[in-house]
Amino acid sequence: MGTFKIEGGAKLSGEITPQGAKNEALQILCAVLLTDQTVTIHNIPNIIDVNKLIKLLENLGVSIRKVGTSSFSFKADNLNLDYLQSEQFKEDGRGLRGSIMIVGPLLARFGKGYIPKPGGDKIGRRRLDTHFEGFIKLGAQFRYNREEHFYGVEAKRLKGAYMLLDEASVTGTANIVMAAVLAEGTTTIYNAACEPYLQQLCNMLNNMGAKISGVGSNLLIIEGVESLGATEHSVLPDMIEIGSWMGMAAMTKSELTIKNVGWSHLGQIPNVFRKLGITVEKRGDDIYIPEHVDGYEVQNFIDGSILTISDAPWPGFTPDLLSIILTVATQARGSVLIHQKMFESRLFFVDKLIDMGAKIILCDPHRATVIGHDFKSSLKSTVMTSPDIRAGVSLLIAALSAKGTSTIHNIEQIDRGYQNIDGRLKAIGANIVRLD
């Protein structure tokens, strides 16, 4: 179990460039299974979860070639479908939540798709019903081995259908879209997720010859085609990493420029940070965060009531940044209510912040009230363990701003979502050491 040792209080400065978006990369990589032609993908982040999926694809028989620093070509023209029934596949699939999205492409192209119950962050239940209900509506037969927690769907030929999703699941929508592009007839998906990453997937599929309309809305119409071809695609900058750097700059009172952020795809993110009183400047396609010498003040609602920040499906505020917002609020001037609506257990890391001296009232598993210190007192250093990717980075931000030396264990969780985070932070002035 790896460890970070962090000496808090250092000012950061300079420029940092966000990696490719993890959540998009996981979808795009699964989509290479839809064709026997070459698919080239650029800006792939070098992180544990993405590398696990690339290895899984390689074990499945996809020919993979590195063509640049973060660019790979994929050709799924000679797959070993027997791998899907192997013990190795069961082990590989369990270790990665994103592996669920290979099912749709395999079902569409080969008439069968299997997956063990996937793992991932421990942030409460994330059910798979939306995925499999969609496949069933397209004509697939579903089976589940309860003893081995192994799922399967099979169909001779999928047929288009109308469906109203019970939730706007991003991975569920992606999986169903990838199944529907090769189905016979027209598929209509209402209450579809419309996150930028899903839009990217749909645009890539259209470039491969799919016929998807309504991209960017919650109503997708898909005309099935016989086959898909080659394409080249570039992954967006990771909006979660961008938000992490924004929060880190403000809480350490640092001047930081975040390069090439893809402003048009950031949605509510800049405005939510502004509601905490953080200055966010647009400079071309960069974000500039000035040094907040006098701190930052929470903006109450116009009637004077306490600000509430909550997550919601896109174009609402992404749940992956709520833990960052909560952490940054601990040093704001004023109070804010954080309401985590979409997942369970994601606020349970606040006990670590309380140990560091933060003033937080955990109202229930979904709500926490933060009373900011206004930098009148620093957080205290401590020893802690990263419970998941986002909470781990939030604790890292807290440690960078704290007085003294903090230790974070289980940093493999952070490495699952952030590429070479310690090296990149050192480059802008952070005092951070990785211990094996």
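Fair warning: this is a prediction, and the values are worked out from it, not measured in the lab. (Residues numbered from 1 in each chain as written. Predicted model: local features only at pLDDT ≥ 70, side-chain atom pairs only at ≥ 80, totals over all residues. Heavy atoms only, no water.)

How should I be thinking about the overall build of the chain in this particular structure?
A tally of helices and strands in the chain yields 14 helices and 23 strands. Oriented by its inertia axes, the alpha-carbon framework of the chain measures out at about 65 × 50 × 45 Å. Looking at the chain as a whole, 57% of its 436 residues are labelled buried. For the chain, the share of sequence-separated contacts (at least 6 apart) that also reach a separation of at least 24 residues comes to 73%. Roughly 17,000 Å² of accessible area belongs to the chain as shown, and the carbon and sulfur atoms make up 46% of that amount. Each charge sign in the chain was given a centre, from 45 positive and 46 negative side chains, and these centres are 1 Å apart. (Helix = DSSP H or I, 4+ residues; strand = E, 2+ residues; numbered from the N terminus. Buried < 20%, exposed > 50% of the residue type's maximum accessible area, 1.4 Å probe, protein only. Contact = heavy atoms within 4.5 Å. Areas by Shrake-Rupley, 256 points an atom, 1.4 Å probe, with all protein chains shown as cover. Lys, Arg positive; Asp, Glu negative; His and termini not counted. Charge placed at Lys NZ, Arg CZ, Asp CG, Glu CD.)

Sorry, what's going on with a nonpolar patch on the surface here?
A contiguous nonpolar surface patch, about 460 Å² in accessible area, is contributed by Y162, L164, Y190, L219 and I221. The residue I221 is located in strand 12 (residues 219–223) in this model. (Patch = residues over 30% accessible without salt bridge, like charges linked within 9 Å, V, L, I, M, F, W, Y side chains within 5 Å. Salt bridge = Lys/Arg side-chain N within 4 Å of Asp/Glu carboxyl O.)

Honestly, the packing of aromatic side chains in this entry has me stumped. Any pointers?
The relative placement of two aromatic rings is captured by the distance of their centres and the angle of their planes. In this structure the tally under the stated criterion is 11 aromatic pairs. Consider the rings of Y144 and Y151, whose centres lie 4.6 Å apart with planes at 20°: the pair is stacked. Joined through ring pairs, the aromatic side chains of F132, F135, F142, Y144 and Y151 make up one cluster. Just above the ring of F150 sits the side chain of K90; from NZ or CZ to the centre is 5.2 Å. The ring centre of F375 lies 4.5 Å from the NZ or CZ of K253, which sits over that ring. (Phe/Tyr/Trp six-rings, centres within 6.5 Å; stacked < 30°, edge-to-face > 60°. Lys NZ or Arg CZ within 6 Å of the ring centre and 35° of its normal.)

Would you take a moment to explain the pattern of salt bridges for this structure?
Working definition: two side chains of opposite charge can pair if their charged atoms are close together. Tallied over the full model, the rule gives 17 salt bridges. For E154, the salt bridge identified is with R143, shortest N-O distance 3.5 Å. Residue E154 is found in strand 8 (residues 150–154), and its partner R143 is found in strand 7 (residues 141–145); the two are separated by 11 residues along the sequence. By relative accessible area, which is 40% here, R143 ends up partly exposed. Here R346 ties to D320 by a salt bridge, and the two come within 2.7 Å at their closest N and O atoms. You can see R346 sitting in the loop between strand 18 (335–339) and helix 11 (350–355) and its partner D320 sitting in the loop between strand 17 (307–310) and helix 10 (322–329), a full 26 residues away along the chain. Residues participating in the shared-partner salt-bridge network are E297, R333, D374 and K376.

Teacher, can you tell me more about helix 5 (residues 129–137) here?
Every buried residue belonging to helix 5 is among T130, H131, F132, G134 and F135, and all of these are buried. Just downstream of helix 5 lies G139, where phi reads positive at about 105°.

Before we go on, may I ask you to explain the pairing of strand 14 (residues 255–258) in this structure?
Put simply, side chains in a regular strand alternate between the two faces of the sheet. For strand 2 (residues 13–16) and strand 14, the ladder comprises 4 bridges, and the chain directions are parallel. Within strand 14, the position partnered with E15 by the bridge is T257. Examined bridge by bridge, strand 14 and strand 16 (residues 286–289) share 3 bridges and lie antiparallel to one another. Across the sheet, the residue bridging to T257 is Y288, located in strand 16. (Pairing = 2+ DSSP bridges.)

What exactly am I supposed to notice about unusual backbone geometry here?
Glycine aside, the phi torsion of most residues is negative, and most peptide linkages are trans. The omega torsion of the bond from W314 to P315 falls at 15°, within 30 degrees of zero and hence cis. Inspection of the secondary structure puts P315 in the loop between strand 17 and helix 10. The phi angle at K253 is positive, at roughly 50°, despite the residue not being glycine. The topology assignment puts K253 in the loop between helix 8 (239–251) and strand 14. Positive phi is not limited to glycine here, since N420 has a value of about 45°.

Got a minute to help me understand the sheet that holds strand 11 (residues 211–213) in this structure?
Taking strand neighbours across the sheet as the criterion, the 4 strands line up as 9-10-12-11 in an open arrangement whose pairing is mixed. In the strand order of this sheet, the two ends are held by strand 9 (162–164) and strand 11, each with one partner. Pairs of neighbouring strands in the sheet enclose a mean axial angle of 15°, with direction left out of account. Where strand 11 lies against strand 12, 3 bridges are found, and the strand directions are antiparallel. Looking across to strand 12, one finds that K211 is bridged to E223. (Axes fitted to C-alpha atoms, helices over the stretch in contact; angles between N-to-C directions.)

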